[in-house]
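Descriptive structure summary
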Amino acid sequence: MSTDYKHLFEPRSIAIIGASHDPKKIGHTILNNLIKGGYKGNVYPVNPSGGEILGLKVYKSVVDIEGDVDVVSLAIPAKFCLEAVRESARKGVKYVQIISSGFSEIGNDKDEREMVRIAREAGMRILGPNTFGMYSAEVSMNLTFSATPVKEGGVAILTQSGALGIAMIGRTAVDNMGLSVIVSTGNKSDLEEVDLLEYLEDHDRTRVVMMYIEGIKNGERLIPVLKRIARKKPLIVIKSGRSKRGAQAAASHTGSLAGLDAIFDAVVKQCGALRADSLEEAFNWCRFLSFAPEPMDKRTVIVTNGGGIGVLATDACEKHGIELYDDQKILKETFEKATPSFGSTRNPIDITGGALADDYMAALTAPADCDHIDSTITLYCETATFDSENLIPMVRTTYEKHQEASKPVSYAIVGGESVEHAVNELSKENLPVFRDVEPAVSCMGALYRYSSFKNREITEYEGADIDVDAIERIIDKAEAEDRNFLLADEAQDVMRASGIQIPESIIAKKLSDAVEAAEKIGYPVVMKVVSRDIIHKSDAGGLALDLENKQEVIDAYEAIMNNCRAYDPDARISGVEVTEMVTSGLEMVVGAIRDASFGPVVMCGLGGIYVEVMKDVAFRSFPLNDEEARRMLQEIKSYPLLLGVRGEEKKDIDGVIDSMLKVGTILSRCDRISDIEINPIVVYSQSKGLKALDVRILLLHTKEEK
Amino acid sequence: MKSAVFASIREGSGKTSVIVGIMAALKQNYGYVKPIGDRLIYKRKRNRDYDSHLVTDLFQLSEEAESITLGFDHSKLRYMYDDETIRKAVAELVDKAGKDRDGVLIEAGKDIFYGSSLRLDPLSLAQHTGSNLVFIVSGDSESVIDDLAFARRNMNMEGIPKCSVIVNKVHDIEEFEDLHLRQLQDMGYEILGLLPYKERLTRFTVSYLAQRFYAKIVAGEDGLSNTVKNVFVGAMSTDEILRNPLFNKENKFLITSGDRTDMILAALEGDTSGILMTNNILPPSNIISRANEKNIPLLLVSMDTFNASAKFGHLETLLTKDNEEMIRMLTQLAEKYIKLDHIFG
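Residues numbered from 1 in each chain as written. Chains lettered and ligands numbered in written order. Predicted model: local features only at pLDDT ≥ 70, side-chain atom pairs only at ≥ 80, totals over all residues.

Considerations on the confidence of the model for chain B
Residues and elements named next belong to chain B. Here is the rule: pLDDT is a per-residue confidence score from the predictor, ranging from 0 to 100. To qualify as a helix, a DSSP run of H or I must reach at least 4 residues; to qualify as a strand, a run of E must reach at least 2; elements of each kind are numbered from the N terminus.
Overall, the prediction assigns chain B a mean pLDDT of 92, with 100% of residues at 70 or greater. Put simply, helix 9 (residues 238-243) is where chain B has its lowest mean pLDDT, 82, and strand 6 (residues 132-137) is where it has its highest, 97. Scoring the predicted complex yields pTM 0.68 and, for the interface, ipTM 0.80.

Structure follows, in structure tokens:
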């Protein structure tokens, strides 16, 4: 099977099966686009009627072509595709691009699978079916039926939607945004985004990668590739739809909280990709990130001629995680000359509504030249006094100054006709000029997020030290009893085997043992009945809390036995469990689930009984290292509670991280477990650690799932 | 010191109710102990017997309910006492209860055998303390006669000063006197009284049901002393219920799932003493408000309707402190039908 994607993106020869004389047919458009696009390799139109199309000899079959063929494009009805794939395989073609539709997207999986089987046997790969084709600037190959010519540039687009892909070509042309590659993945019968990304990873021409995804087939394979690429070039993702897993009613909180696309979102973030909410945002980011220099540090200034717009930008900066520089002394020194006395040198720098182009020039040259400032967001509100004719030159010059200083800058210019004209003109030159504050700030935020991930030190996590054999034995026992969950004491044993602290507990078969156990554990203790027939212990009066001395233990034992016998005279009671009484602390939830696409996924958040109401949780795919786990914790709204509020001591954050890594390790090494949830895991101050109070472990339901 | 052990041969003879009636009727200062408990209440990390708690509370005895019962679970009692120390413990219990009082009523366990292995059965208690033994018996007359004959013939009554009988829940006193009284007297029992059957004494209060079901009281707390006369299990459509004559009976207690809001609302608008909502499903706030307005307790339990109904079927009637009508009736019955001055004499 070919993994040399160079033959796909930089083929030396292409055959178009279904090439047509009729300009209304796709087969004609593709051939025409290929020739007009300036493709330099050999082009072989294939059509049983033979003859000549657009000056090229037409072959009756791909096998009749004399030379080698790297890529075949199929633009024929679905019913002929199988045979065309067979012929291509016989010919030794390396890649087949199937434009034709009528396969799995309408339920015809059989033919699609058969084509993939034939291709694999011949070491051939398939793009599509149901794709609009692909473009590669490297060899000027426009093998699509797009109506718009593609402009060469540095943005690579991978799209699962064909229609959207064609629209994107049109849009990039309008925005004057050049593309290095655009590929429509279609039904993804064989080649997926992850394959195409492997080519783009070291593709010098591609400065930014943008992906439109509807569903992920093999998330576990995608994750490392995304991580690698995001450290080399900005990776922008737009995803629609929801994960299958999330749509299912889940048995654990972790499972149900993982609904919607929370996992996808978390994984994208973890991989350093930038997730855009809309096409508009994605295109803005692509354009900006293609040309913006990477900032040296996080010190950003806003330069504005209006207070209101400055406040809007400040709010947007907070939303996008942009740090505003606030060293008043340096700001005053830097901007004093460019700011009138009634303006402000506090960030946002307000050069006032009376500012002219020269004033902007001075105010924007200052940050470009200042060593203490790393990036600039420029705001302009159209005023009657401003010399509008100088707006475009001012933007060009100050942009150049920032580029020379290797500092990013973005512009939000708001106003009427002259402003509209300026935006249109400057956009054609790919200058980062926007009609509103939000996109100007959002672009800068995306750049900072990319830069932060790229420069992050990455340490590989090998997994925690857990006793896998002991856990497997526990699972064996549960399976032997035909259970798809572990009993409470089994789940506790898993915690012990993983080194996650649980409250100390002893099973006592008689009263004297219970008293002895309580004395050994130390008061206060909790006592609960041990009976496989009594599931709801508190309903049966089988639970006693906060027992502070021997007499209370004796009474509680007597009460439990008495109550449980009254509750169910036939219940098999094997004793009582005497457990350390856990004092109150911060109740967190730590869990892990096996996602159908991304594999083991770890969750943490605010726990207790309100976990599903608050939904204050974060996800990451496993493996993740200490630092990523820490970032995950920092992401939840309740993080300040871990730091300690109102004079409380800081909580055992390292302990929580350790537990997160351990549950992830359990799930990754014990493949019969589907869900683990510790809720609550009570977290105390650093010196006191934490305790896993309630642990639920679910096993995969059926042999098929395993 | 005057003392008497009140014992039943079979469970459910109405021993505690009779004792309450006697204590109230005696109008003197008597103590009460129940060395071996059988209806355990676990509250504030201590165990107390339901009957001990009722009597101490009702007659405002200075002793705490926890202190007049040695224990419930045999394993616990064996862990704490041996034959010798248990005898001493019982003697101390009775001595303490009788101090500065006119006498002590000692209530035995649930039946004549209960506590035998610990020497806490009624006969042992009477022998340890030198008390009179009073059998409280009820049921069909043949069983009553058989039980008392068996006890007299096969049980060692040595050391017990006097053995007497109170026959409880007698449907036809005249007939019993004509047919059986002589026979009992011939066995050597003194007949202290025959108490007539009263249907009203078999009714539950809602507070008692709340306790027995370990229920959460969601609303209508002021109506916990409501008496239950009829029980209705709501498992059909509301239209059917409204047509059902049982649903329209007075003082009914409805058992239904918490999500049957239609049925709960219908019950709240009728003559209902209380509602047990099963499956741990809380009804909407308007229903809770309505129940509060009408003082109809809503009790919430996690068990399902079938199990709740089954449990209800096994409940025994127990006297509660708030059931003043029942206490008044028991007192009147004791005054009228029991030879109070023969109990200790």
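With respect to the pairing of strand 26 (residues 617-621) of chain A
Residues and elements named next belong to chain A. What counts here: Put simply, a residue is buried when 20 or more other C-beta atoms lie within 10 Å of its own C-beta and exposed when 12 or fewer do; between those, it is partly exposed, and each C-beta is set from the backbone. Whether two strands pair depends on DSSP finding at least two bridges between them.
Among the five residues in strand 26, five count as buried, and that is most of the element. Judged by which residues are buried, strand 26 turns out to be covered on both faces: Val617, Phe619 and Ser621 on one side and Ala618 and Arg620 on the other are all buried. Relative to strand 26, strand 25 (residues 599-606) runs antiparallel, the two sharing five bridges. Within strand 26, the position partnered with glycine 605 by the bridge is valine 617.

Here's the deal with the sheet that holds strand 22 (residues 543-547) of chain A
Residue and element names in this part refer to chain A. Defined as follows: To define axes, lines are fitted to C-alpha atoms, for helices over the stretch in contact only, and angles between the resulting N-to-C directions are given on a 0 to 180 degree scale. Throughout, a residue-residue contact means that the two C-beta atoms, derived from backbone geometry, are no farther apart than 7 Å.
Strands sit in the order 20-23-21-22 across an open sheet of four strands; the sheet is antiparallel. In the strand order of this sheet, the two ends are held by strand 20 (505-508) and strand 22, each with one partner. Pairwise comparison of adjacent strand axes, ignoring direction, gives a mean angle of 20 degrees for this sheet. Together, strand 21 (525-530), strand 22 and strand 23 (575-580) form the strand contacts of helix 21 (residues 550-567), whose direction differs from that of strand 21 by roughly 25 degrees.

Things to note about the interface of chain A and chain B
Our working rule: Three classes are used, and their members are as follows: Ala, Val, Leu, Ile, Met, Phe, Trp, Tyr, Cys and Pro are nonpolar, Asp, Glu, Lys and Arg are charged, and the others, Gly among them, are polar.
Contacts between the two partners involve 16 residues from chain A and, on the opposite side, 14 residues from chain B. Elements that contribute at least two residues to the side of chain A that touches chain B include exactly helix 20 (511-521) and helix 21 of chain A. Ranked by the residues each element gives to the side of chain A that touches chain B, the list is headed by helix 21 of chain A, at nine residues. Its residues assigned to classes, the side of chain A that touches chain B shows seven nonpolar, four polar and five charged.

As for the packing of helix 6 (residues 141-154) of chain B against helix 7 (residues 173-186) of chain B
All names here are of chain B. Applicable threshold: When describing relative orientation, an angle under 35 degrees is termed roughly parallel and one over 145 degrees roughly antiparallel, while 65 to 115 degrees is termed roughly perpendicular and anything else oblique.
Packing of helix 6 against helix 7 brings their axes to within 11 Å, and their N-to-C directions diverge by 5 degrees. On the basis of the axis angle, helix 6 is roughly parallel to helix 7. Every residue of helix 7 that contacts helix 6 at Ser141, Ile145 and Leu148 is listed here: Phe176, His180, Gln183 and Leu184.

Structural notes on the confidence of the model for chain A
Chain-level pLDDT for chain A is 90 on average; 96% of the residues reach the 70-or-more range. Segment residues 242-259 of chain A is flagged for pLDDT under 50; beyond a separation of four residues in sequence, or across chains, it makes 50 contacts in the model.

Description of helix 10 (residues 262-270) of chain A
Of all nine residues making up helix 10 of chain A, seven are buried, and the element is well covered by its neighbours. The set of residues buried in helix 10 of chain A consists of Ile263, Phe264, Ala266, Val267, Val268, Lys269 and Gln270 of chain A.

Things to note about unusual backbone geometry
Note the cis peptide between glycine 128 of chain A and proline 129 of chain A, where omega equals 0 degrees. Mapped onto the fold, proline 129 of chain A is located in the loop between strand 7 (125-127) and strand 8 (133-136). In this model, asparagine 347 of chain A is joined to proline 348 of chain A through a cis peptide bond whose omega is 5 degrees. For proline 348 of chain A, the location among the structural elements is in the loop between helix 13 (328-335) and strand 16 (349-350). Even without glycine at this site, aspartate 100 of chain B takes up a positive phi of about 60 degrees. In this structure, aspartate 100 of chain B sits in the loop between helix 4 (83-98) and strand 5 (103-107). According to the C-beta neighbour criterion, aspartate 100 of chain B is exposed, with 7 such atoms within 10 Å. One non-glycine residue, arginine 119 of chain B, lies in positive phi territory at about 60 degrees. Examined against the element boundaries, arginine 119 of chain B turns out to sit in the loop between strand 5 and helix 5 (122-129).

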